[in-house]
Amino acid sequence: MLQLTTCIASANDEYLITASYYSSGAVTASGERFDQDGFTAASRTLPFGTRLQVTNPATGRSVIVRINDRGPFVRGRGLDLAKGAAEALGMISAGVATLKIARLTSEEASNSP
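Let me begin by describing the structure that accompanies this report. (Residues numbered from 1 in each chain as written. Predicted model: local features only at pLDDT ≥ 70, side-chain atom pairs only at ≥ 80, totals over all residues. Heavy atoms only, no water.)

### With respect to the pairing of strand β3 (residues 51-56)
Definition in use: Strand pairing requires that DSSP identify at least two bridges connecting the strands. Per the convention used, a helix needs a DSSP run of H or I reaching at least four residues, while a strand needs a run of E reaching at least two, with both numbered from the N terminus.
Inspection of the sheet shows β3 paired to strand β4 (residues 61-69) by 6 bridges, in the antiparallel sense. By the bridge assignment for β4, T55 is matched with S62. Hairpin geometry of β3 and β4 is characterised by an intervening segment of 4 residues between the two adjacent antiparallel strands and by a positive phi of about 80° at G60. Summarising the sheet, β3 and strand β6 (residues 96-103) pair through 4 bridges and their orientation is antiparallel. By the bridge assignment, L52 is partnered in β6 with R103.

### Some details on the sheet that holds strand β5 (residues 79-82)
Heads up, the condition is: Axis lines are fitted through C-alpha atoms, for helices just across the contact stretch, and the angle between N-to-C directions can take any value from 0 to 180 degrees.
Taking strand neighbours around the barrel as the criterion, the 6 strands line up as β1-β5-β2-β4-β3-β6 in a closed arrangement whose pairing is mixed. Strand-to-strand twist across the sheet, computed as the mean angle between neighbouring axes with direction ignored, equals 45°.

### A word on the nonpolar core
Looking at soluble globular proteins, one finds that nonpolar side chains tend to be buried together. To keep things clear, this is the line we draw: Residues belong to one nonpolar core when they are buried, are Ala, Val, Leu, Ile, Met, Phe, Trp, Tyr or Cys, and are joined through side-chain atoms within 4.5 Å. We call a residue buried when its accessible area falls under 20% of the maximum for its residue type, exposed when it is over 50%, and partly exposed in between, using a 1.4 Å probe and counting protein chains only.
Counting 18 residues, the largest nonpolar core has V54, V65, L79, L81 and L99 as its most contacted members. Of all the secondary-structure elements, those providing two or more residues to this core are β1 (14-22), β3, β4, β5, α1 (83-89) and β6.

### With respect to unusual backbone geometry
Looking along the chain, the bond that leaves G71 and enters P72 is cis, with omega of -5°. Summarising the element assignment, P72 is placed in the loop between β4 and β5.

And the structure:
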């Protein structure tokens, strides 16, 4: 799978990545309190505040997440989702899933929750 970078996750482009989820922690790398039920994610390279549309092709479910943390720190994984986003995508039982991601434009991001 591709390493998720600012160039790769450009607006309107879609990519498949391997993602996992996490549910523990107190404070994110961005300095905000970690909310395990939130729709946030960790990326090693994307800027904090980046919004991604994440779709699980296996379930057809899609969510919008905001990058607010660093990780994942497991080789081969491109994104770590907060447990709330992973539940909404239907990937909790598997723990790891191949997901389709698209970086939202500034306009799309301003219209998302």
